[in-house]
Amino acid sequence: MLGAPRADWDFMPKLTMIAFGADENAGTDPQRIAEAHTELLVYYDNLLARRRRDPQEDIVSALAHGTVDGAPLTDEEILLNCNGLISGGTETTRHATIGGLLAFLRAPDQWARLRAEPGLLPSAVQEILRFTSPALHVLRTARREVDLGGHRIRTGDQMAVWLPAANRDEAVFADPDRFDIARTPNRHLTFATGTHFSASAPRSPPANWPSSSRSSWPGWVGSRRAARRGACSPTSSGASPSLPVTLTRRATPSRRPVPASQVGPEDL
């Protein structure tokens, strides 16, 4: 999407993990985090310069040559948009996947239900997004005065919206701390709302998570968390950088070999 060369695809997520405190080796050293952020911004700045000279079919080119209300975007606006896209595409995706797997480990009945009713995948994805809330907060500026929860918010006030709290609001969700893959309705705010809305939202359910493994679901009867100290320690973003697990394939009755010429779709 950004138009980064294929050779840089490994470099960017690794640097992003350090910048957001998700790299277990780098830890949360403030200087290393600041250096990682600086390296990322310098990289985007160089990419922006190249796309101004040689536009391609990518987001950086669109930002570099596009206008808003007749005016071009500033370099700062473009770089911050790039930073938001790469962090959203690498950090939150990983956090939701890890958090979703952990939720299934803690609620094996929900995994069993999903295996038995694969049509629940779309609502399961939405519940994973609500339950894990991979992004912690967004900032909003009040455009008019309003009373909210007994507090007066004035025009121009900046408010932090804590997404995990919104996604566990008892006034909106029945039994909000329960992981329920069939939850309907599910009006979560994981992708926020308003002007700053996650670009990945339309791509999340169900085709891109986790479609690649759908056909193998019936074969996995369970998983257990690996007992490694610190394996699921939260990062500065509130999520876990990794979750080692062991998957066990369901035992199936032995079958005699079938000649290749007789193999049909039902055998695959």
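Read on for a plain summary of the structure. As the structure is a computational prediction, the values presented were derived from the model and not from experiment.

So, how was this worked out
Residues numbered from 1 in each chain as written. Predicted model: local features only at pLDDT ≥ 70, side-chain atom pairs only at ≥ 80, totals over all residues. Heavy atoms only, no water. Helix = DSSP H or I, 4+ residues; strand = E, 2+ residues; numbered from the N terminus. Buried < 20%, exposed > 50% of the residue type's maximum accessible area, 1.4 Å probe, protein only. Contact = heavy atoms within 4.5 Å. Core = buried A, V, L, I, M, F, W, Y, C linked by side-chain atoms within 4.5 Å. Salt bridge = Lys/Arg side-chain N within 4 Å of Asp/Glu carboxyl O. Phe/Tyr/Trp six-rings, centres within 6.5 Å; stacked < 30°, edge-to-face > 60°. Lys NZ or Arg CZ within 6 Å of the ring centre and 35° of its normal.

1. Quick word on the side chain of serine 61
Next up, step 1: Its place among the elements puts serine 61 in helix H3 (residues 59–65).
Next up, step 2: Taking the relative accessible area as the measure of exposure, serine 61 reaches 4% and is therefore buried.
Next up, step 3: With near-sequence residues (within four places) excluded, serine 61 lies in contact with Arg51, Pro55 and Gln56.

2. Thoughts on the nonpolar core
Next up, step 1: Within the largest apolar cluster, 19 residues are counted, with the highest numbers of intra-cluster contacts made by Leu2, Met12, Tyr43, Tyr44, Val60 and Cys82.
Next up, step 2: Of all the secondary-structure elements, those providing two or more residues to this core are helix H1 (11–19), helix H2 (30–53), H3 and helix H4 (75–106).
Next up, step 3: Per element, the largest residue contribution to this core is six residues, and it comes from H2.
Next up, step 4: Contacts of methionine 12, omitting those with residues within four sequence positions, involve Leu2, Ala4, Leu40, Tyr43, Tyr44 and Ile86.
Next up, step 5: Residues Ala103, Phe104, Ile128 and Ile181 belong to the second largest nonpolar core, which totals nine residues.

3. Quick word on the side chain of serine 123
Next up, step 1: Along the chain, serine 123 falls in helix H6 (residues 121–132).
Next up, step 2: A relative accessible area of 16% places serine 123 in the buried class.
Next up, step 3: Those residues within four positions of serine 123 in sequence are excluded, and the remaining contacts are Ile181 and Ala182.

4. A look at the pattern of salt bridges
Next up, step 1: Going through the model one piece at a time under the given rule, you end up with 13 salt bridges.
Next up, step 2: In this structure, arginine 130 engages glutamate 127 in a salt bridge whose closest nitrogen and oxygen atoms are separated by 2.8 Å. Taken as a pair, arginine 130 and glutamate 127 lie in helix H6 at a separation of three residues, close to a single helical turn. For the pair formed by arginine 130 and glutamate 127, the shared burial category is buried.
Next up, step 3: In this structure, the salt-bridge partner of arginine 152 is glutamate 145, at a minimum N-O distance of 2.6 Å.
Next up, step 4: Using a relative accessible area of 43% as the deciding quantity, one classes arginine 152 as partly exposed.

5. Quick word on the packing of aromatic side chains
Next up, step 1: Scanning all chains against the criterion turns up five aromatic pairs.
Next up, step 2: Taking 5.3 Å as the distance between ring centres and 70° as the angle between the ring planes, the aromatic pair formed by phenylalanine 104 and tryptophan 111 counts as edge-to-face.
Next up, step 3: When its relative accessible area of 9% is taken as the criterion, phenylalanine 104 is described as buried.
Next up, step 4: Measuring from ring centre to ring centre gives 5.2 Å for phenylalanine 104 and phenylalanine 179, while their planes differ by 85°; the resulting arrangement is edge-to-face. Separated by 75 residues along the polypeptide, phenylalanine 104 in helix H4 and phenylalanine 179 in the loop between helix H7 (163–166) and strand S7 (220–225) bring together distant segments of the chain.
Next up, step 5: Relative accessible area serves as the criterion here: at 6%, phenylalanine 179 is assigned to the buried category.
Next up, step 6: Of the aromatic side chains, those joined through ring pairs into one cluster are Phe104, Trp111, Phe131 and Phe179.
Next up, step 7: Cation over ring: arginine 130 sits above phenylalanine 173, and NZ or CZ is 5.2 Å from the ring centre.
Next up, step 8: Positioned over the ring face of phenylalanine 131 is arginine 168, at 4.4 Å from the centre of the ring.

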